[in-house]
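Here are the chains, one letter per residue:
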Amino acid sequence: MRRARHALRALVIVGVIALLALIAWGVLRGRPQDLPWTPLDLSQPIGAFTGRKLTALTTDSGACRALLDRAGVRYTALPPRDDGARCGYDDAVRFTRGGARDIAYAPAGLGIACPVAAALAKWEWDVVQPAAERHFGTRVASIDHFGSYSCRRIYGRDAGNWSDHSTADAVDIAGFRMADGRRVTVVRDWTGGDSEAARQDAAFLREVRDGACRLFATVLSPDYNAAHRDHFHLDQANRGAAGWRACR
């Protein structure tokens, strides 16, 4: 028992030290986004807890929409949809033209849960556009997608867990169209090639995939399995404050 008490005391001390170190790290660096209890601000750079704060918005649609409003993101709130016990949404939005965002989505009219919209906006500003300018010297004009809402289980199976697409908390990204006409797609360009252009395309795709991992609860790419050979799956699955996150 004495040994167990000593071990427990040591764990508590280590936990307190780690917490104090985290506080000092965030405060001294002037980066509130690196602290778990500070409010989310989309104008701040991506921090250690930005992704978890975005995912937490799945339980507070009002806070999510207020966040978009403060960031200058224009959107239309979609009416609630009820397709049974497992399918539907009450927090979906559709981006509208103007405001702080520039990238269009094709096909047009993409409806997504608000936390996905907030993460996509942050992805555009802090990941996608900087990566396009770095690799191609231009900006992304539009993003091709395979949709969001779909009342189905994972992989469309007859049994098993329900997909986050069933609540519009996921979106599948297929490719990117640049302002200069260049098109980069996951299915064609993920593996790269021998030319410098092909290597740049592949490097861009990996950079935007890796950046998405800091904003979404789940990011799946061709590195995960053959089912994702032609798209990135991005979702905001709410697995709790300490829930696992997937990046592959």
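Use the structure listed above.
So, here's what we can say about the structure. (Residues numbered from 1 in each chain as written. Predicted model: local features only at pLDDT ≥ 70, side-chain atom pairs only at ≥ 80, totals over all residues. Heavy atoms only, no water.)

## Side note on the environment of Leu-67
Okay, step 1: Relative to the assigned elements, Leu-67 resides in helix H3 (residues 61-70).
Okay, step 2: Each C-alpha atom, one on Leu-67 and one on Leu-57, is 9.7 Å from the other, the two residues being ten residues apart in sequence.
Okay, step 3: Those residues in contact with Leu-67, other than ones at most four positions away along the chain, are Leu-40, Leu-42 and Leu-57. (Helix = DSSP H or I, 4+ residues; strand = E, 2+ residues; numbered from the N terminus. Contact = heavy atoms within 4.5 Å.)

## Considering the environment of Pro-115
Okay, step 1: Along the chain, Pro-115 turns up in helix H4 (residues 114-136).
Okay, step 2: In this structure, the C-alpha to C-alpha distance between Pro-115 and Gln-236, residues 121 residues apart in sequence, is 6.9 Å.
Okay, step 3: Not counting the four nearest positions on each side in its chain, Pro-115 is found in contact with Leu-54, Leu-57, Thr-58, Cys-64, Asp-91 and Gln-236.

## Considering the sheet that holds strand E1 (residues 73-77)
To summarise the sheet geometry, strands pair through backbone hydrogen bonds and adopt either a parallel or an antiparallel arrangement.
Okay, step 1: Strand order in the open sheet made by the three strands is E1-E4-E6, with antiparallel pairing throughout. Each end of this open sheet is capped by a strand with a single partner; those strands are E1 and strand E6 (111-113). Each strand axis lies, on average, 50 degrees off the axis of its neighbour in the sheet, ignoring direction.
Okay, step 2: Inspection of the sheet shows E1 paired to strand E4 (residues 92-99) by four bridges, in the antiparallel sense. (Pairing = 2+ DSSP bridges. Axes fitted to C-alpha atoms, helices over the stretch in contact; angles between N-to-C directions.)

## Some words on H4
Okay, step 1: In H4, a bend of some 50 degrees at Glu-124 exceeds every other bend along the element.
Okay, step 2: In terms of burial, H4 is a largely internal element, 18 of the 23 residues being buried.
Okay, step 3: Looking at the residues trailing H4, positive phi occurs at Gly-137, about 70 degrees. (Bend = angle between axes of the 7 residues up to and from the residue. Buried < 20%, exposed > 50% of the residue type's maximum accessible area, 1.4 Å probe, protein only.)

## Remarks on the packing of H4 against helix H6 (residues 196-212)
Okay, step 1: One can describe the packing of H4 onto H6 by two numbers: an axis separation of 10 Å at closest approach and a directional angle of 165 degrees. Taken together, the axes of H4 and H6 are roughly antiparallel relative to one another. Handedness of the crossing formed by H4 with H6: right-handed. Every residue of H6 that contacts H4 at Trp-123, Val-127, Val-128, Ala-131, Ala-132, Arg-134, His-135 and Phe-136 is listed here: Gln-200, Asp-201, Ala-203, Phe-204, Glu-207, Val-208, Gly-211 and Ala-212.
Okay, step 2: Broken down by class, the residue content of the contact of H4 with H6 amounts to ten nonpolar, three polar and three charged. (Parallel < 35°, antiparallel > 145°, perpendicular 65-115°, else oblique. Left-handed = near helix turned anticlockwise from the far one by under 90°. Nonpolar A, V, L, I, M, F, W, Y, C, P; charged D, E, K, R; others polar.)

## Comments concerning the state of the cysteines
Okay, step 1: If you walk through the whole model with that rule in mind, you get three disulfides.
Okay, step 2: Through a disulfide, Cys-87 is tied to Cys-151; the S-S separation comes to 2.0 Å. Handedness of the Cys-87-Cys-151 disulfide follows from its S-S torsion of about 85 degrees: it is right-handed. Of the two residues, Cys-87 is situated in the loop between strand E2 (81-82) and strand E3 (88-89) and Cys-151 in the loop between strand E7 (140-147) and strand E8 (170-178); the sequence distance between them amounts to 64 residues.
Okay, step 3: Under the relative-accessibility criterion, Cys-87 is labelled buried at 6%.
Okay, step 4: You can call Cys-151 partly exposed: its relative accessible area is 40%. (Disulfide = S-S within 2.5 Å.)

## A short note on the pairing of E8
Okay, step 1: The element E8 is largely enclosed, with a buried count of eight among its nine residues.
Okay, step 2: Sheet analysis places E7 next to E8, joined by six bridges and oriented antiparallel. Paired with Val-140 across the strands is Met-178, a residue of E8.
Okay, step 3: Where E8 and strand E11 (residues 232-235) come together, four bridges link them in antiparallel fashion. Considered in E11, the bridge of Val-171 is made with Leu-234.
Okay, step 4: Counted along the chain from E8 to the antiparallel partner strand E9 (residues 183-185), the turn is four residues long, and its residue Gly-181 has a positive phi close to 100 degrees.

## Some thoughts on the side chain of Asp-34
Okay, step 1: Mapped onto the elements of the fold, Asp-34 is located in the loop between helix H1 (2-28) and helix H2 (50-56).
Okay, step 2: Of the residues examined, Asp-34 reaches a relative accessible area of 2% and is grouped as buried.
Okay, step 3: Among the polar contacts listed, one links the side chain of Asp-34 to the side chain of Arg-31, at a separation of 2.5 Å.
Okay, step 4: A polar atom in the side chain of Asp-34 sits 2.8 Å from the backbone nitrogen of Ala-48. (Polar contact = N/O pair within 3.5 Å; in protein donor to acceptor, adjacent residues only side chain to side chain.)

No statement about biological role is implied by the geometric values presented.
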